[in-house]
Amino acid sequence: MKMKKGRKILFSDLDGTLLNDQKNVEATDREAIFDMIEAGCYFAACTGRPLSSVKKVLQKNNLDGKGCYIVAYNGGVVYEPAADKVISYTAMPCAQAHKMFQKAEQAGFYVHTYDRNDQDTILTIAHRPELDFYFSQTGLSWKTGRQLVDHITFDPPKMIVASMTDHEGLVQFQKENAYWTDKCMNSFFSCDQFLEYCPYGISKGAGIKTLCDYLGLQVEASVAVGDERNDIAMLKAAGTAAVPANAFYEVKDYADYVCEADNNQGAVGEVIRKFIL
């Protein structure tokens, strides 16, 4: 595909970056995105959230029209809202999902995946505080039950192993299971409570490359902004990497620019004005 010159694309994380602490988009950020699109550039929400959850956020803020895109599931799904088109979709074999359910339950951790055939409904064994916390972040519905989980036959796009109180235990779980997961999955923390597992080779960085190729853009024309550890691959892949002032300390090491504003003060708008407009 012939590369388009002069146009840029912004990849923005949602929670802790584009969304404020009340899970809303600041007016200054929304206006900056509108201005960027009007100038012929592109916007992509690049997040670990399932596609259904991201679509609701963008629809609410009128950010689902021409020039807007979604990279969901930490890069597992790339989607064009205006055309209702799935550009790419990658999932892990259901046998790996069953094994992860078994390993996490044996370790005493909550674990869930998603039913892509049912609006990304959360599927988990039992209702625990981790499920309530995740619901507060995404608003997705859920189904619980061992029999339901044991009979998953589809290939899920992502899994989360979680604990509200034992981050170090999750770190140990990740290390102890690396002997098999490193061969078939990609794992990282999206916050202290969530250890996320994605299909092998999938990350937000891979999502950047997929969408840029689809749009005929050089990756160097991309600007990325994110605040958490699952954003590191995105920041490393992008032409320009920025983080809001509230970014996790480790993530700031990968930034070309640290915003003066945090996610409650229009950090994304600051990035757009500085690097795109």
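This text goes with the structure placed above it.
## Structural notes on the side chain of D262
Next, step 1: Residue position: D262 is located in the loop between β14 (257–258) and α10 (267–275).
Next, step 2: In this structure D262 is buried but unpaired, with K252 as the nearest side chain of opposite charge at 9.9 Å.
Next, step 3: Not counting chain neighbours up to four residues away, the residues in contact with D262 comprise P244, A245, N246 and A267.

## Re the pattern of salt bridges
Next, step 1: Overall, the coordinates contain twelve salt bridges when judged by the stated rule.
Next, step 2: For E105, the salt bridge goes to R146, with nearest N and O atoms at 2.3 Å. Remark: R146 occurs in helix α5 (residues 146–150) and E105 occurs in helix α3 (residues 94–107); sequence separation between them is 41 residues.
Next, step 3: Given the relative accessible area of 34%, E105 is considered partly exposed.
Next, step 4: With a closest N to O distance of 2.9 Å, R116 and D120 form a salt bridge.
Next, step 5: Look at D120 and you get buried, because its relative accessible area is 0%.
Next, step 6: Put simply, D13, K204 and D231 are held in one network by salt bridges that share partners.

## Quick look at the layout of surface pockets
Next, step 1: Its boundaries defined by the atoms lining it, the largest pocket holds a volume of some 460 Å³.
Next, step 2: Forming the boundary of the largest pocket are 29 residues, of which D15, K23, Q137, S190 and C191 lie nearest the centre.
Next, step 3: Secondary structure elements with two or more residues in the lining of the largest pocket: α4 (129–138), β10 (185–191) and β11 (194–199).
Next, step 4: Looking at the lining of the largest pocket element by element, the count peaks at four residues for α4.
Next, step 5: Reported here for the second largest pocket is a volume of approximately 190 Å³.

## With respect to the environment of D192
Next, step 1: Within the secondary structure, D192 sits in the loop between β10 and β11.
Next, step 2: A sequence separation of 123 residues divides D192 from Y69, and the C-alpha atoms of the two residues are 28 Å apart.
Next, step 3: When near neighbours in sequence (up to four residues on either side) are disregarded, D192 contacts H167, L170 and R229.
Next, step 4: Within polar-contact distance, the side chain of D192 engages the side chain of R229 at 3.0 Å.

## As for α10
Next, step 1: Where α10 is concerned, the buried positions are A267, V268, G269, E270, V271 and I272.
Next, step 2: Packed against the buried residues of α10 are β1 (9–12), α1 (27–38), β12 (222–225), β13 (240–243) and β14.

## Things to note about the pairing of strand β5 (residues 85–89)
Next, step 1: Pairing geometry for strand β4 (residues 77–80) and β5, over four bridges, is antiparallel. Residue Y79 lies in a different strand from β5, and its bridge partner there is V86.
Next, step 2: Where β4 folds back onto β5 in an antiparallel hairpin, the turn is made up of four residues, including D84, whose phi is positive at roughly 50°.

## Quick look at the nonpolar core
Next, step 1: By size, the foremost hydrophobic cluster in this structure holds 43 residues, and its most contacted members are L10, M36, F43 and I272.
Next, step 2: The contact partners of F43, leaving out residues within four places of it in the chain, are L10, S12, L18, I33, M36, I37, L58, L63, G67, C68 and Y69.
Next, step 3: Counting residues in each nonpolar core, the second largest holds 24 residues, with I9, F11, L217 and L235 among its members.

## Focus: the packing of α1 against α10
Next, step 1: Between α1 and α10, the shortest axis-to-axis distance is 7 Å and the interhelical angle comes to 30°. With respect to their mutual orientation, α1 and α10 come out roughly parallel. The interaxial crossing formed by α1 with α10 has left-handed handedness. Contact residues: T28, D29, E31, A32, I33, D35 and M36 in α1; A267, V268, G269, I272 and R273 in α10.
Next, step 2: Tallied by class, the residues present in the contact of α1 with α10 amount to six nonpolar, two polar and four charged.

## A short note on the packing of aromatic side chains
Next, step 1: With the rule as written, the count across this model stands at nine aromatic pairs.
Next, step 2: Ring centres of Y42 and Y69 lie 6.2 Å apart, and the angle between their planes is 65°; this geometry places the pair in the edge-to-face category. Taken together, the positions of Y42 in strand β2 (residues 42–46) and Y69 in strand β3 (residues 68–72) put the pair 27 residues apart, joining distant regions of the chain. Across the pair, exposure class does not vary: Y42 and Y69 are buried alike.

## Side note on the sheet that holds strand β8 (residues 142–144)
Next, step 1: Read from one edge of the open sheet, six strands run β8-β7-β6-β9-β11-β10, paired in mixed fashion. Sheet topology places β8 and β10 at the edges, where each strand pairs with a single neighbour. Here the strands of the sheet are splayed against their neighbours by 25° on average, with no regard to which way each runs.
Next, step 2: α4 rests against β6 (110–115), β7 (121–124), β8, β9 (159–162) and β11 of the sheet, and its axis sits at about 45° to β6.
Next, step 3: Running at roughly 170° to β10, helix α6 (residues 167–176) makes contact with β9, β10 and β11 of the sheet.

Quick notes on the rules
Residues numbered from 1 in each chain as written. Predicted model: local features only at pLDDT ≥ 70, side-chain atom pairs only at ≥ 80, totals over all residues. Heavy atoms only, no water. Helix = DSSP H or I, 4+ residues; strand = E, 2+ residues; numbered from the N terminus. Buried < 20%, exposed > 50% of the residue type's maximum accessible area, 1.4 Å probe, protein only. Lys, Arg positive; Asp, Glu negative; His and termini not counted. Salt bridge = Lys/Arg side-chain N within 4 Å of Asp/Glu carboxyl O. Contact = heavy atoms within 4.5 Å. 1 Å grid on protein atoms, 1.4 Å probe; cavity = no way out; pocket = protein on both sides within 12 Å on 5 of 7 lines; lining within 4 Å. Points joined across faces, edges and corners; volume = space filled by probe spheres on them. Polar contact = N/O pair within 3.5 Å; in protein donor to acceptor, adjacent residues only side chain to side chain. Pairing = 2+ DSSP bridges. Core = buried A, V, L, I, M, F, W, Y, C linked by side-chain atoms within 4.5 Å. Axes fitted to C-alpha atoms, helices over the stretch in contact; angles between N-to-C directions. Parallel < 35°, antiparallel > 145°, perpendicular 65-115°, else oblique. Left-handed = near helix turned anticlockwise from the far one by under 90°. Nonpolar A, V, L, I, M, F, W, Y, C, P; charged D, E, K, R; others polar. Phe/Tyr/Trp six-rings, centres within 6.5 Å; stacked < 30°, edge-to-face > 60°.

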